[in-house]
Amino acid sequence: MALVKDILVSMDYGPAPEANEPVVGWLDLHKDGFNHFIDGKFVAPSEGKRFPVFNPAHETELAQVAQGSAADVDKAVKAARKAFKSWSALSGHERAVYLYAIARHIQKRERFLSVLETMDNGKPIRETRDIDIPLVARHFYHHAGWAELVESEFPGEGPVGVCGQIIPWNFPLLMLAWKIAPALAAGNTVVLKPAEYTPLTALAFAEICREVGLPAGVVNIVTGDGVTGNAIVEHADIDKIAFTGSTEVGRIIREKTAGTGKKLSLELGGKSPFIVFEDADLDGAVEGVVDAIWFNQGQVCCAGSRLLVQEGVAEAVYAKLRARMANLRVGDPLDKSVDMGAIVDPVQLKRIKELVAKGEAEGATLFQANKGLPAKGCFFPPSLFTNVAPASTIAEVEIFGPVLAAMTFRTPDEAVAIANNSRYGLAASVWSENINLSLDVAAKLKAGVVWINGTNMFDAAAGFGGYRESGYGREGGREGMAEYLKPVTDKSLKADEKVAAKLSPLPVADEEISGLPSIDRTAKLYVGGKQARPDSGYSYTVLGPKGQPISQAGLGNRKDIRNAVEAAGKAGSWGGATAHNRAQVLYYVAENLSSRAKEFEARIVAMTGASAKAAAEEVAVSIRRTFWYAAQADKFDGAVHSTKSRHVTLAMNEPFGTMGILCPDEAPLLGFVSLVMPAIAMGNRVVIVPSSSHPLAATDFYQILDTSDVPAGVVNIVTGERDVLAKTLAEHDDVAALWYFGSKAGSALVEKASSGNLKPVWANQGIPRRWTENSAQGREFLRRATQVKNIWVPYGE
Ligand code: NAI
């Protein structure tokens, strides 16, 4: 018999399995196969096809689940469309009552759902019981609150419509909650597809919807694989797609939805850095690593999968980690004393094994503390790679398994450089006892979430989502709600097709530009604070209202856009300037525009044939709008969220960096001003293409920029064929966000072309037809010019 003192050393103890009889009983009730949940009823798959779902820990079949066809998806969309009318007509309070009821029912069934999730996914019961399912309930409670408040907190906004939601397998029910709760709170109806490996808790959730009497068609669940997901993406009567999953599929969805007008949010992969400075509490940091990479077997999009340790403490940290790894218990996830459960599926296990083999082949040193994995089942031991080269596969590729890649750094700047050297930007974790250092680094990291002396913390009140190729849009909190709302007066800018015509190139005359260009003068481009000749050496004729030539403008090309993006890249200090500084510059712009109002009015009349009154109004609104954005520069700031105890979460509105902007033809000055001002007020630099047919108000604007202390490179203007230049901007990796207000075909073109670096694109949505209207100005523009970084800071008791 083992002695207590030996047990205290070995930490071996007997199994403590959670009872699973209620779940087994429930599965037994469905042994003939699960159905879809459509229009409030469980309905058999139209093609009669089902697929098996396994318990990855035991490799046993749990259930047969319906494979959704395009016809099933269509049925679900029709039900959702029908239900949308009455559901969106309810008051927020009435919807809140349902969401509270769902939250309460989830709490009542917490044990059942935890066990079911563990059996389906393979994650330890400790996690489903203490993290996943409580967070699910929290999410519905929080969003019941948003439903209650939606009219007062989001005046002038309403639901988007029918939402297609596609979720992954790593947090099956939690991802469902992240998608369904805000959608319903805002008044939308949904068609949701759970991942094929883990559809069971979504079906249990469907039962909860029935129990609480949720009106039929508000929530529809269609099970199936990528084919079913694709049918949702391609369905014409869906207004928004929300997706969480791989960057690869996110990219496909971006391309497929291009030009359809569907709203899109993507929450994709990551390779998040976990940075340990030498003054950190090393034991705390090591516990942090355990939560960062071995939580949920590392199958977490924001897993701290790149450990960056300051050189002086690297060996000490590795030694502590190896010792800690030796005590991690891998085993049956239903065992309450297990730290790590099973990998979701043999396919994922194979992927992990291949990447680990690649890491070894690349020369990194692998350590696995193997206390003995269960003989059967889909298990992989906690793994640590040291001596990892920053450019190697395991340092760059998302492994999505319990595998940590460790690297060292010398200085904070180097840590930031390595951390940001990734195509992803989902999350980051910073460990130091020096709050100055931590906050300085947090500000410099390109990530949507930063945890200081913590990791993998989530809360419904804080937004979650990525920078760069980790996707766009946020889930949770106010920003998450905004993804499911749109202006109620949204008439959507009518696509302006008349300028799709090709511009004919003419050689640029070699003369100086002074004052207003006349017919024999060519308005040049404006790049890096200087006028520049177009690279092509060509210009095009700008026509007046009667079709008469009134001037020449530079015909910008791909090279000019590249130069402009480079110039914008060099003006990075603009984002770091104080908001007060930026406000002052914008005030100065407004004043200078005001003092030259008459010239601009005359220019508009000459270019467009507008009446003197209309031109005066356009200039007057342009001036007021510039003042308004100047005023907002130091006021559109973030928030401090109350999330977890002993923490606050700082939601910082950060600029994207370099933005590409394509202007509409209507209101050539006001369209330009309405788009440039919010973008630069928030600290972005812009490369802007003015109206192709009426570019001269923008080219006259150089003089305003020159005399208003706008730093060189903050505003770069390239004239030419809008859609040709738009494509180059959309494809450019250093352009972090794109606004396009042009033709419908152009929207499709830029949305598709943006899938390379997955930049967020705002194309022709939500803008009233007339730019003079008040709704062509506002917080929506500022919101679209920023991305929120949520920084979790230890605070209070
Ligand atoms: P996946 O992206 O293929 O699957 C996610 C969801 O998308 C599932 O519901 C799937 O059925 C659906 N889907 C697949 N193809 C689709 C298509 N063409 N159109 C619409 N929906 C489609 O992810 P998968 O294959 O399960 O995992 C592969 C890798 O993706 C993982 O190793 C990991 O690196 C990453 N991943 C990242 C997640 C995250 O939370 N960021 C979650 C899951 C996977």
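Counting restarts for each chain: residues are numbered from 1 in the order of the written sequence. Confidence filtering applies because this is a predicted model: local features only for residues at pLDDT of at least 70, side-chain atom pairs given and counted only at 80 or more, and all residues used for totals across whole chains, interfaces and linings. Note that the side-chain values use all heavy atoms of the structure and ignore hydrogens as well as water.

1. Some words on the nonpolar core
Among the buried residues, those of types Ala, Val, Leu, Ile, Met, Phe, Trp, Tyr and Cys that are joined through side-chain atoms within 4.5 Å form a nonpolar core. Burial classes follow relative accessibility: with a 1.4 Å probe on protein chains only, a residue under 20% of its type's maximum area counts as buried, one over 50% as exposed, and anything between as partly exposed. One finds Phe140, Phe205 and Leu307 to be the most contacted residues of the largest nonpolar core, which totals 153 residues. At 12 residues, the largest contribution of residues to this core is made by helix α7 (residues 172-186). Not counting residues within four places of it along the chain, the set of residues in contact with Leu307 comprises Phe274, Val276, Val289, Val317, Tyr318, Leu321, Leu404, Ala405, Ala406 and Met407. In this structure, Tyr526, Val542, Ala698 and Leu782 belong to the second largest nonpolar core, which totals 64 residues. The helix and strand labels rest on DSSP assignments: H or I over at least four residues marks a helix, E over at least two residues marks a strand, and numbering proceeds from the N terminus. For this analysis, residues touch if any pair of their heavy atoms sits within 4.5 Å.

2. Brief notes about the UniProt feature "active site" (unreviewed entry) in the protein
UniProt positions are given in the numbering used here, feature names are shortened, and annotations may be inferred rather than shown by experiment. Here, the residues flagged by UniProt with the feature "active site" (unreviewed entry) are Glu267. In this structure, Glu267 sits in strand β10 (residues 263-267). In contact with Glu267, not counting residues within four places along its chain, are Phe243, Thr244, Gly245, Cys301, Leu426, Phe464, Ser470 and Glu475.

3. Details of the pairing of strand β9 (residues 240-244)
Burial analysis of β9 places five of its five residues in the buried class, the great majority of the element. Residues Lys240, Ala242 and Thr244 point to one face of β9 and Ile241 and Phe243 to the other, with burial holding for every one of them. Two strands are said to pair when DSSP picks up at least two bridges between them. By the bridge criterion, four bridges tie strand β6 (residues 162-166) to β9 in an arrangement that is parallel. The residue bridging Ile166 from the neighbouring strand is Phe243, located in β9. Relative to β10, β9 is paired through five bridges, and the arrangement is parallel. Note on β10: the bridge partner recorded for Phe243 is Leu266. Chirality of the crossover, the property in question, places the unit of β9, helix α10 (residues 247-257) and β10 among those that are right-handed. By convention, orient the strands away from the viewer: a clockwise path from the first strand over the helix to the second makes the crossover right-handed.

4. Focus on a negative patch on the surface
A surface patch of negative charge is lined by Glu278, Asp279, Asp281 and Glu433. Residue placement: Asp281 occurs in the loop between β11 (272-276) and α11 (282-293). With relative accessibility at 41%, the residue Asp281 sits in the partly exposed group. Nonpolar side chains (Val, Leu, Ile, Met, Phe, Trp, Tyr) within 5 Å and like charges within 9 Å form the patches, drawn only from residues with over 30% relative accessible area and no salt bridge. Residue exposure ignores everything except the shown protein chains as possible cover, and the areas themselves are Shrake-Rupley values with a 1.4 Å probe. Salt bridges are counted wherever a side-chain nitrogen of Lys or Arg sits within 4 Å of a carboxyl oxygen of Asp or Glu. In this tally, Lys and Arg are treated as positive and Asp and Glu as negative; His is ignored, and so are the chain termini. Here the site of a charge means atom NZ of a Lys, CZ of an Arg, CG of an Asp or CD of a Glu.

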